[in-house]
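Structure at a glance
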Amino acid sequence: MSQTPAPLSEIGAKALQWNDLQQQLAERAQSPLGRACVLALQPSAELAWIEQQQQRTAEMRRLITGGGGFQFRGIFDPSDVLDKARIEGSALEPAELLSALALAERVEAWRQVILAPPGAVQGKWPAIEELSAPLLMHDLGDLVRFLRGKIEADGSLSDDASPELRRIRRAMERQHRAIEDSLRRALAKLSEGGSTQDDLITVRGERFVIPVKAEFKRKVGGVVHGSSSSGQTVFVEPMETIEQNNELVRLLDEEQAEVHRILVAMTRAVSAQAQPLLLGAAILAEADAHQAVARFAEELACVRPVFVSADVREDEAAGNELELLAARHPLLELRLREQEASIVPLTIALPLGMRQMIVSGPNTGGKTVALKTAGLLALMAQAGIPVPAERARLPLFTAIYADIGDAQSIEQNLSTFSAHVVNVDRIARIADDTSLVLLDELGSATDPEEGAALAVAVAEHFLVRRAWCIITTHLTSLKVYATKHEGVLNAAVGFDEARLAPTYELRLGVPGASAGLNIAARLGLDPAIVANARAQMTTQQIDIGRFLDELHAQLAAAKDERSGLAELQKKLDAERTKLAIEGRAEQQARTRELERQLKSLIEDFESQLRDTVKAIDDKTVAQKIARDSALRIAQLRREFSEQFQSTVVAHAESDQGGKKKAADRQREPAVGDLVRLKSLGREGRVARVIDAKTLEVAVGAMKMRVPRSDIAEVVAVAKETPVQSARRRGGVTVSTSSGSDDAEYMTSEINVIGRTADEAESEVERFVERAFLAGLPSIRVVHGVGMGILRRTLREFLRNHPHVASVTEPPYNEGGQGATMVELRQ
């Protein structure tokens, strides 16, 4: 990648295995340049650069996971080739031209990807577009087309490299055949006299010859071009083929000259595009490095870290300043995967105001792993690499110092303890409040009491300097120090004494017990020795050890209990959801059954009324009664439907009342709000607020005044799409009778062209009923012109229909005689 700005002054690369991580990343790069970019990557203290790298990697990760990708193979550093190409009259070797062609193809292909990105990243990778922007003004398509197809895989020029080269090679082929024919005739004559050694044609010094026995060479007229190693055979060019061979040599010279001319022309074309090729190689190398990091991040489920600057930390009242939630050491995880094992994540967190963490616990419990995980993930984050964790929140460090492992040096005559002291002294002199200090087993490898005193003093020094610090220890003094000092947090790694195996869990806020004697006893050490060792311990030490054992046992029990409660809560939520769904389904079923019964009662009533009307002898009176009764039945049906819906709505509200916030349900309606009316059980839109107690509400085409108490609720309305807007302007929305939230769109036009008179009358009658119930003011019936039978039948029927106020013929441009406008009673 590009040169790292503001690199950290120290990163503890060896102790934290930074180079090993770089190798893992480099293995995922596709080109040597990409691998070189990854291996040159270093952590930075410049936040803008870090965020840029993180963003580019995130965008490449989106490309990969979206099913896209790009082949970066073929990218190389073209500097040497281009330097050679810039020399006037120089000709690159065919292999060099092939490499330049491969690079040009990759650069132009990447340019096309940027111009027309895949759907997964279209409009979603601004950082990669910014990185690649300099390429957009350079079109290498002409260079690719000029070079492509001219050089064969073996490095020779193709016949298609130029028309002249093709002509020369065709002439050479013809000359070859002519020479071979001439030599075969000569061989045939000589073979009869036994003068030839073999019946074959060979080449000596780019000239075609025939093998002749040495004793007969003077009998064959021609030029001798050498002999065999035994001297028994000489190679003779017969006189009749000398001129033909001369012509072939001339053609060979022409071919070489044309090949050189073509190579010079191709070299000149490459030289003309030197800048785009250099620029493209640099950009694609960086993109390849980002895709390598992206593949690594996807493989290990890494997340993008969040950096907390100093000014933000001062403004915050709570939260963790350093947090690695469920973090995993990437190198350890990869190694465990090879062994078909899984890693145990750990959480490292320092709340607001905390600057130090003292990690204690038994050997092999994972203290050093926790230390290295924190350090390596901090390096990864500041190098622009996503980190393997569920969440990462980190300060911005300017240096990371690590004193981990055995630092003994025979060359410098330093013992383990002395080497640690020298290193700690160096760190103590330069670390500040932007440094992360990692100290493993501080105060060990010397007298325990002196080591403990020294460890506490060193920890206090870093606390005063406000350096971020994580220290691992077995020393009780450091555990007590963490308890007594503000800004210091105890943490403990777990160990299952029953299995004699570490749990690798990190518990924050409590110190850990070393459990050395318990482990020794369980491993089979002589009980007498263990008992003697226990007797050597002071009462205070025994009490502290017992307290820590009990504390960790209680914490383990509390964790198990929390897990059980969480599982129980999950089951309760699932059961509550299931009951709610079943309750809604049962209510809908009851509603449908009541509607069916209501419909049956109304139909029975209509049937009885029609029978009564038919029994009336006076037709005029019967027609009037039928008209009035039909109108009244429709009104009653609408009133019954509205009352029924109101009852259903009220019932639903009572069932769900406990789930809705009173503030939302009782919000004062404003002009434009969609409200549900209790009396109608339908929704309407507030057209005007008349006063504090009265509103004007539009329901379909009707407007009515309603009291504020009739508003059941203000309905939340999703943003209306253009299609929905157009549909609303063209018709009305009618609530379905099932009481569901879905709506059926009611048009204001019916087309009955092609129907018989009876069929059309039946369909129009049903349509008028639906339109009247929906509150439409008018409808349009399209019946066509034809013979006029359908028009007359329908208009006569409509004039006598109780819901129809008037029947008119629309203007010519709206259908004329082919349609009928019907005004409905309101």
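Check the entry above for the structure.
Numbering of residues begins from 1 in every chain and follows the order in which that chain's sequence is written. Whole-chain, interface and lining totals are the exception, using all residues; otherwise, since this is a predicted model, local features are given only for residues with pLDDT of at least 70 and side-chain atom pairs are given and counted only at 80 or more. Excluding hydrogens and water, the side-chain figures rest on all heavy atoms present in the structure.

Here we look at the overall build of the chain
The following threshold applies: Only runs of H or I of at least four residues qualify as helices and only runs of E of at least two qualify as strands under DSSP, and these elements are numbered from the N terminus. Under the scheme applied here, a residue whose accessible area is under 20% of the maximum for its type counts as buried, over 50% as exposed, and between as partly exposed, the area being computed with a 1.4 Å probe on protein chains only. The protein chains shown are the only cover counted for residues, whose accessible areas, like all others here, come from Shrake-Rupley with a 1.4 Å probe.
A tally of regular secondary structure across the chain gives 25 helices and 25 strands. Out of the 826 residues in the chain, the part that is buried amounts to 41%. Surface exposure of the chain reaches about 43700 Å², of which carbon and sulfur atoms provide 52%.

As for the sheet that holds strand β6 (residues 320–327)
Across a sheet, paired strands are connected by hydrogen bonds in the backbone, their directions being either parallel or antiparallel. Here is the rule: Strands pair, by our definition, only if DSSP identifies at least two bridges between them. Here, axes are lines fitted to C-alpha atoms. For helices the fit covers the stretch in contact, and angles between N-to-C directions go from 0 to 180 degrees.
Pairing is mixed in the open sheet, where 4 strands are placed in the order β5-β9-β6-β7. The strands lining the two open edges of the sheet, one partner per strand, are β5 (306–308) and β7 (346–351). Recorded for the sheet is a direction-independent mean angle of 25° between the axes of neighbouring strands. One ladder, built from 3 bridges, connects β5 with strand β9 (residues 391–395); its direction is parallel. For Val308, the partnering residue across the bridge sits in β9 and is Pro395.

Concerning the packing of aromatic side chains
For the record, the criterion: Centre distance within 6.5 Å is the pairing criterion for rings of Phe, Tyr and Trp, where only the six-membered ring of Trp is used; planes under 30 degrees apart are then read as stacked, over 60 as edge-to-face, and the remainder as tilted. Here, a charge over a ring is recorded when the distance from Lys NZ or Arg CZ to the ring centre is within 6 Å and its angle to the ring normal is within 35 degrees.
In total, this model carries 5 aromatic pairs according to the counting rule given. Each ring, one from Phe70 and one from Phe72, has its centre 5.0 Å from the other, and the planes form 65°; the classification is edge-to-face. Phe72 shares its class with Phe70; the two are buried. Relative to Trp110, the ring of Phe72 has its centre 5.7 Å away and its plane inclined at 50°; by these criteria the two rings are tilted. With Phe72 in the loop between α4 (47–65) and α5 (79–85) and Trp110 in helix α6 (residues 94–115), the pair connects residues that are 38 residues apart, well separated along the chain. Of the two residues, Phe72 and Trp110, both sit in the buried class. Lying over the aromatic face of Phe146, Lys150 brings its terminal NZ or CZ to 4.6 Å of the ring centre.

Things to note about the environment of Arg429
What counts, and what does not: What qualifies as a polar contact is a pair of N or O atoms within 3.5 Å, subject to a donor-acceptor requirement within protein and to the restriction that residues adjacent in sequence count only when both atoms come from side chains.
As for its position among the elements, Arg429 is in helix α15 (residues 416–430). Each C-alpha atom, one on Arg429 and one on Phe462, is 9.9 Å from the other, the two residues being 33 residues apart in sequence. Within the local environment of Arg429, its side chain forms a polar contact with the side chain of Asp425, the two groups lying 3.1 Å apart.

Some details on helix α24 (residues 757–774)
Inclusion rule: Here the expected span of a helix is defined as 1.5 Å times the quantity of residues minus one. Picture the helix axis, draw a direction to every C-beta atom, and the arc is the one those directions span.
With 18 residues, α24 ought to run about 26 Å at 1.5 Å a step, and its terminal C-alpha atoms sit 25 Å apart, in line with that. Turning to α24, its buried residues number three or more, namely Ala760, Val764, Phe767, Val768, Ala771, Phe772 and Ala774. Buried residues of α24 fall within an arc of 150° about the axis and therefore sit on the same side. Opposite the packed face of α24, turned more than 90 degrees from it, sit the exposed residues Asp758 and Arg766.

Details of the pattern of salt bridges
To keep things clear, this is the line we draw: What counts as a salt bridge is simple: a side-chain nitrogen of Lys or Arg found within 4 Å of a carboxyl oxygen of Asp or Glu.
Per the counting criterion, the structure on display carries 33 salt bridges. Among the ionic pairs, Arg86 bridges to Asp83, the shortest N-O distance being 2.9 Å. With relative accessibility at 42%, the residue Arg86 sits in the partly exposed group. On the basis of relative accessible area, Asp83 is assigned to the partly exposed category, the value being 45%. The closest approach of N and O atoms between Arg328 and Glu333, which form a salt bridge, is 2.7 Å. Of the residues examined, Arg328 reaches a relative accessible area of 11% and is grouped as buried. Each of Asp159, Arg169, Arg170, Glu173 and Glu255 takes part in one network of salt bridges that share partners.

Observations regarding the sheet that holds strand β23 (residues 778–782)
The strand order across the open sheet built from 4 strands is β22-β23-β25-β24, with neighbouring strands paired in mixed fashion. Each end of this open sheet is capped by a strand with a single partner; those strands are β22 (749–751) and β24 (804–808). Neighbour to neighbour, the strand axes of the sheet diverge by 20° on average, direction disregarded. When β22 meets β23, the two strands line up parallel, connected through 3 bridges. Its bridge partner being in β23, Asn751 is matched across the sheet by Val782.

Brief notes about the packing of helix α13 (residues 330–338) against helix α14 (residues 367–382)
Here is the rule: By the definition adopted for this analysis, an angle is roughly parallel if under 35 degrees, roughly antiparallel if over 145, roughly perpendicular if from 65 to 115, and oblique otherwise. In what follows, a contact means two residues having at least one pair of non-hydrogen atoms within 4.5 Å. Any residue outside Ala, Val, Leu, Ile, Met, Phe, Trp, Tyr, Cys, Pro, Asp, Glu, Lys and Arg is labelled polar, Gly included; the first ten of those are nonpolar and the last four are charged.
Where α13 contacts α14, the axes come no closer than 9 Å and their chain directions differ by 110°. Here α13 lies roughly perpendicular to α14, going by the angle between them. Of the residues in α14, those in contact with Pro330, Leu331 and Leu332 of α13 are Val369, Leu376, Leu377 and Met380. Looking at the contact of α13 with α14, its residues break down into 7 nonpolar, no polar and no charged.

A short note on unusual backbone geometry
Among all residues except glycine, the phi angle is most often negative; among peptide bonds, the trans geometry is most common. Residue Ala301 is not a glycine yet carries a positive backbone phi of 50°. Unusually for a residue other than glycine, Ala326 sits at a positive phi of about 50°. If you trace the backbone, Ala326 turns up in strand β6. Looking at Ala326, the relative accessible area reads 13%, which means it is buried.

What about the pairing of strand β8 (residues 356–360)?
Among the 5 residues in β8, 5 count as buried, and that is most of the element. Here β8 shows no split at all, with Gln356, Ile358 and Ser360 on one side and Met357 and Val359 on the other all buried. Note that β8 and strand β12 (residues 468–473) share 5 bridges and pair parallel. Each bridged residue has a counterpart across the sheet, and for Val359 the counterpart in β12 is Thr472.

Observations regarding the nonpolar core
Note the following rule: Take the buried residues of types Ala, Val, Leu, Ile, Met, Phe, Trp, Tyr and Cys, join any two whose side-chain atoms come within 4.5 Å, and each joined set is a nonpolar core.
Counting residues in hydrophobic clusters, the biggest one holds 60 residues, and the most contacted among them are Trp18, Ile348, Met357, Met380 and Ile400. Here the element with the most residues in this core is α14; it accounts for 9 residues. Setting aside residues up to four positions removed in sequence, Ile400 forms contacts with Leu8, Glu10, Ile11, Gly12, Leu16, Gly375, Ala378, Leu379, Leu436 and Leu438. Formed by 45 residues, the second largest nonpolar core is a distinct cluster that contains Ile114, Ile262, Ala274 and Leu284.

Focus: α15
Here α15 contains 15 residues, and its C-alpha end-to-end distance of 22 Å stays within 8% of the 21 Å for a straight helix at 1.5 Å per residue. Among the residues of α15, those classed as buried are Ala419, His420, Asn423, Val424, Ile427 and Ala428. Across the axial projection of α15, the buried residues extend over an arc of 165°, all falling on one side. The elements touched by buried residues of α15 are β10 (399–403), β11 (435–439) and α16 (448–464).

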